[in-house]
Amino acid sequence: LKARGCCAVVGGKGPAPIFRTSAPMASDEVDLDDDDFEVEIEVEDPDAPDYAGEDDEVCAEGELGDTERPEVEGDDPDRPASARVKHTLSLNSYDATPDVFFSGGGIVSALSQGPFLHLLSGVRANTGARGGRYLFEVEVLEKVPIAQHDLRIGFSTGGSSLFIGDSSDSVGFGKDGTYFVAEPGQLTDLQRSGACEPLLETPSVIGVLLNLDQESKAANTISVFLDGFRAGPPQPVPSHLRGKALYPTINFRGLTLAVNFGHGGKQLRTLPFKCQTFAQMAEAHHEIARHDAVRDGMAKLEVVVSIGIPEAGIADFTRCFKEQHTDFAEISDRSFAEWCQKSGKPKLATQDKAAQKSLVTLAVAGHRNCLIAGVGQTLQRSEREQLLNQFPSTYRKVALVAVGEPSQSHKQWVRKTLEAEYEAKKDIFQRRQLLSEASGVALDDADNVPPDCPKFDDTTWALPHDDTSAPDVSPDVLSSIFSRFALPTDAEGFDDIRYEWSPNSDAQEKLRRWIVIQKSAFLVEGLEPGEWFRSKLAAWKEERKQLREGHLAFNNKKGKGPSFEADANISGDLAGVGNIHDFDGQGTPLYANFRYEDWVLLSWRYELHLLVHGFATDAADDDIPGIHMGHVMHYFKTYFGVTCEPKDKLGVENIGDAVKLLREPVEFIDKGDGQQILHSSLEKETPFEVFVKGIEAYRRDRSRRLEAGDESAQLSFPRPTGKTPGKGVPFKAAPAGKGVTSKGSPSNSVPAKAEPQSQPLSSLISIIKLRFW
């Protein structure tokens, strides 16, 4: 049998190299002449690189393995010691997840208590290879019994994600033999299942070979060996990673590992060919991680606390600091949540809130520089003091305050970042277009839209964040802690406090104004109606009762004559009206011509006026300008005990439209920073008669407009189901609730019906006529 590419047989004996599992590409089932024996072999795709000779053969006779397959890799020439890297190649403690422990002899393990038992640990070497062919080895020494074991071994670029398969900046093999690989802009998933034998099924020394030697037949590939035997065909390094330095990278969970980079040429298992180890790397091929260069020049470890206002650029400032100080380990709720997400355990971030203290302890034990971020914690003095107490005196404690107008250097960083992100998006867009044209795979409509070129000016200082981005602090948490926010002082134990953007005084004022805005943006906890509101509410109930009695009495008089349906002749200057219940001295009330809509408007106007002044009285905080538009419904129910229903009562969609319909005295005014605050143009102790006069003026205005042909002046509110009040009859108020919650909703809080009393027969007849109407 001849096959193009990498062929495989199962089993095998002898010193020559063989494949111990089938290759992963395409499969052909081959029937041999021996009826009692059948073998399935898999071969590479015909378009794949030819790593084997055309004359290679695979035979099977009774027992497998009598025929050996030549290895595609050849021997490396000896390299003089003078040409090798001079520094010690090792795993980089500055380029690892915080839970990783390092021991002598290349032993590496991770914390296996609490949430860390479920997280994927990651570590990268301190040196990457740009060329040549080099090997490193990993052996599993111990498995934590109750852990969900995992192992990924491969390579990644410096500064990229520590997790193999997380982005297109890494390649490697998983515990089940999957090859993790990705191309920017790829149209289909490029991961390859079964690329090699499973890594954890049997105790083995795992050798990982990176071949970047352009003169080799297997150039730009990665291979895996188990106990010196090839575990699968070489897998290609994606084209976009070629020419970049690739650093050995390991991800593991529930394992203790021994990692060998081959110092002194030591190999745990001999390969079928002579190979240089990573520790024997040529000087010309290596790249050293920035972390080591930074660490060598540091005199003292630092803990930096990043302090800023939520959603005001502090997340961008923290990201900028991280990019410029790669040796700092970030400790924050955001970074922990990201770690949980990449470990496949996103819910763990919300279930365990005690992880941060352990992370600080781990960072101190590992002699790591630390960046403490997270607005909810760093803006509270008590939280900052607790944090600083966890760090010994060997750490220099620094506060970086990013509040106010960003610095020019930060704006320049934002601009460069936006440009780089645009170029990356444009490159992916062009790649996908070419791939689609070559493969015939249709793109979605969104993929056919090129990215927008960013525009910059002096006001560009923040990176865009989409709706899916998590806030700096969740609203629920922020509402309970924002009042305790304060900028740092020397008394807290900081060795240095730097105001990176605005100076101290401007930053303090910026924070003060922000807190004032939040007081309106968030509900006042524990607020209850006070004495002033309760007394006004009781008076309003009495006014409703008097209005209803006056309205019924007037209609009784009208009912005695044939023209009782006609409107009363009410005209003249409203300012001169002294008694709204008898404005003309002949018993005619000013509200004689009120219809259902007028009574509803009166209730809404007066009750919202009471709400504005009652809230201001009870909140008693000069920093709170009033009720935020988004909180009117909440506070209405708090004060009146019923739900505010603009849709059901006024026929409008929301409270903003309801206030526009009322016209006066309440309105929403803009207090800046997007704050819309409910305001009443009338004084707190404005007499009730003023509201009745206002409704009469509104009614007259609508009548004039209707007579002029303006149909938009016609009001028609939804009526309560099952009730059809007569012309001009006030609708019955809602029943009283408990305590101060005995208020009806605005549309129902019209004059309350008087208590049943003995009435003349004529009055009862009039009432029957009205209800019938």
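Thresholds, definitions, all that
Residues numbered from 1 in each chain as written. Predicted model: local features only at pLDDT ≥ 70, side-chain atom pairs only at ≥ 80, totals over all residues. Heavy atoms only, no water. Helix = DSSP H or I, 4+ residues; strand = E, 2+ residues; numbered from the N terminus. Buried < 20%, exposed > 50% of the residue type's maximum accessible area, 1.4 Å probe, protein only. Contact = heavy atoms within 4.5 Å. Areas by Shrake-Rupley, 256 points an atom, 1.4 Å probe, with all protein chains shown as cover. Axes fitted to C-alpha atoms, helices over the stretch in contact; angles between N-to-C directions. Parallel < 35°, antiparallel > 145°, perpendicular 65-115°, else oblique. Nonpolar A, V, L, I, M, F, W, Y, C, P; charged D, E, K, R; others polar. Core = buried A, V, L, I, M, F, W, Y, C linked by side-chain atoms within 4.5 Å. pLDDT = per-residue confidence, 0-100. Salt bridge = Lys/Arg side-chain N within 4 Å of Asp/Glu carboxyl O. Pairing = 2+ DSSP bridges. Polar contact = N/O pair within 3.5 Å; in protein donor to acceptor, adjacent residues only side chain to side chain. Phe/Tyr/Trp six-rings, centres within 6.5 Å; stacked < 30°, edge-to-face > 60°. Expected span 1.5 Å × (residues − 1).

Draft legend 1. Representation of the overall build of the protein. Assigned secondary structure in the protein consists of 17 helices and 27 strands. When the 773 residues of the protein are sorted by exposure, 48% land in the buried category. Restricting to contacts in the protein with at least 6 residues of sequence separation, those with at least 24 account for 74%. Summed over all atoms, the accessible surface of the protein reaches about 37,400 Å², with 49% contributed by carbon and sulfur.

Draft legend 2. Quick look at the packing of helix H12 (residues 596–619) against helix H15 (residues 655–662). Where H12 meets H15, the closest approach of the two axes is 10 Å, and the angle between their N-to-C directions is 110°. Taken together, the axes of H12 and H15 lie roughly perpendicular to each other. Of H15, the residues touching H12 (which contributes Leu-601, Trp-604, Arg-605 and Leu-608) are Ile-655, Ala-658 and Leu-662. For the contact of H12 with H15, the residue count by class is six nonpolar, no polar and one charged.

Draft legend 3. Main features of the packing of H12 against helix H13 (residues 632–640). Two elements in contact, H12 and H13, have axes separated by 10 Å at closest approach and are oriented at 85°. Judged by the angle between their axes, H12 and H13 are roughly perpendicular. Contact residues: Glu-607, Leu-608, Leu-611, Gly-614, Phe-615 and Asp-618 in H12; Val-632, Tyr-635, Phe-636, Tyr-639 and Phe-640 in H13. Here the residues of the contact of H12 with H13 sort into eight nonpolar, one polar and two charged.

Draft legend 4. Geometry of the nonpolar core. Ranked by size, the top nonpolar core spans 56 residues in total, and within it Phe-336, Phe-485, Leu-487 and Trp-514 carry the most contacts. Setting aside chain neighbours within four positions, we find Phe-485 in contact with Pro-310, Val-375, Gly-376, Leu-379, Gln-380, Leu-478, Leu-511, Trp-514 and Ile-515.

Draft legend 5. Quick look at the confidence of the model for the protein. Model confidence for the protein is summarised by a mean pLDDT of 80, while 80% of its residues fall at 70 or above. Throughout residues 724–729 the model reports pLDDT below 50, and contacts reaching past four residues in sequence, or to other chains, amount to 17 contacts. pLDDT under 50 marks residues 765–773. Its contacts with residues more than four places away, or in other chains, come to ten contacts.

Draft legend 6. A look at the pattern of salt bridges. According to the stated counting rule, one finds 40 salt bridges in the structure shown. Between Asp-95 and Arg-124 there is a salt bridge, with the nearest N and O atoms lying 2.7 Å from each other. Placement of the pair is Asp-95 in strand S3 (residues 91–96) and Arg-124 in strand S6 (residues 121–125), with a sequence separation of 29 residues. Arg-124 sits in the buried class, given a relative accessible area of 1%. Overlapping salt bridges bring together Asp-166, Glu-330, Arg-334, Glu-338 and Lys-342 as one network.

Draft legend 7. The sheet that holds strand S25 (residues 627–628), seen in detail. Here we have three strands laid out as an open sheet, ordered S25-S27-S26, and antiparallel in their pairing. If you trace the sheet from one side to the other, it starts and ends with S25 and strand S26 (666–670), each paired once.

Draft legend 8. Seen up close, the side chain of Arg-133. By secondary structure assignment, the location of Arg-133 is in strand S8 (residues 132–143). At a separation of 2.7 Å, a polar atom in the side chain of Arg-133 contacts the side chain of Glu-73. Looking at Arg-133, its side chain comes within polar contact range of the side chain of Asp-76, at 3.1 Å. Arg-133 has contacts with Glu-73, Gly-74, Asp-75, Asp-76, Leu-209, Leu-210, Asn-211, Leu-212, Phe-273, Lys-274, Cys-275 and Gln-276, leaving out every residue within four places of it along the chain.

Draft legend 9. Summary view of the side chain of Ser-156. Along the chain, Ser-156 turns up in strand S9 (residues 150–157). A distance of 2.8 Å separates polar atoms of two side chains, one belonging to Ser-156 and the other to Arg-124. Beyond its immediate chain neighbours, meaning those up to four positions away, Ser-156 contacts Arg-124, Ser-161, Asp-169, Ser-170, Ala-245, Leu-246, Tyr-247 and Thr-249.

Draft legend 10. Representation of unusual backbone geometry within the structure. A cis amide bond links Glu-664 with the next residue in sequence, Pro-665, at an omega value of -5°. Checked against the element boundaries, Pro-665 lands in the loop between H15 and S26. Of note, the phi angle at Glu-311 is positive, near 55°, even though the residue is not glycine. Along the chain, the position of Glu-311 falls in the loop between strand S20 (301–307) and helix H2 (314–324).

Draft legend 11. Layout of the packing of aromatic side chains. Inspection of the entire model under this criterion finds 25 aromatic pairs. Judged by centre distance (6.0 Å) and plane angle (50°), the ring pair of Phe-116 and Trp-339 falls under tilted. You can see Phe-116 sitting in the loop between strand S5 (107–110) and S6 and its partner Trp-339 sitting in helix H3 (residues 333–342), a full 223 residues away along the chain. Trp-339 gets classed as buried once you look at its relative accessible area, which sits at 7%.

Draft legend 12. Broad picture of H12. Between the first and last C-alpha of H12 there are 34 Å, a value that for 24 residues agrees with the 34 Å anticipated at 1.5 Å per step. Of all 24 residues that make up H12, 21 are buried, and the element is covered over most of its length. Positive backbone phi, approximately 50°, marks Ala-620, located one or two places after H12.

Draft legend 13. Seen up close, the sheet that holds S20. Strand order in the open sheet formed by five strands is S21-S22-S20-S23-S24, with parallel pairing between adjacent strands. At either end of the open sheet lies a strand with only one pairing partner, and these are strand S21 (328–331) and strand S24 (496–499). The mean inter-strand angle of the sheet, taken between neighbouring strand axes irrespective of direction, is 20°. Bridge analysis of S20 against strand S22 (residues 369–372) gives three bridges, and the strand direction is parallel. The partner of Val-304 across the bridge, within S22, is Leu-371.

Draft legend 14. Broad picture of the pairing of S3. For S3, a buried count of five out of six residues is recorded, marking the element as mostly surrounded by other parts of the structure. Taken together, the two bridges between S3 and S6 define a ladder with antiparallel strand orientation. When the sheet's bridge partners are listed, Leu-91 is paired in S6 with Ala-125.

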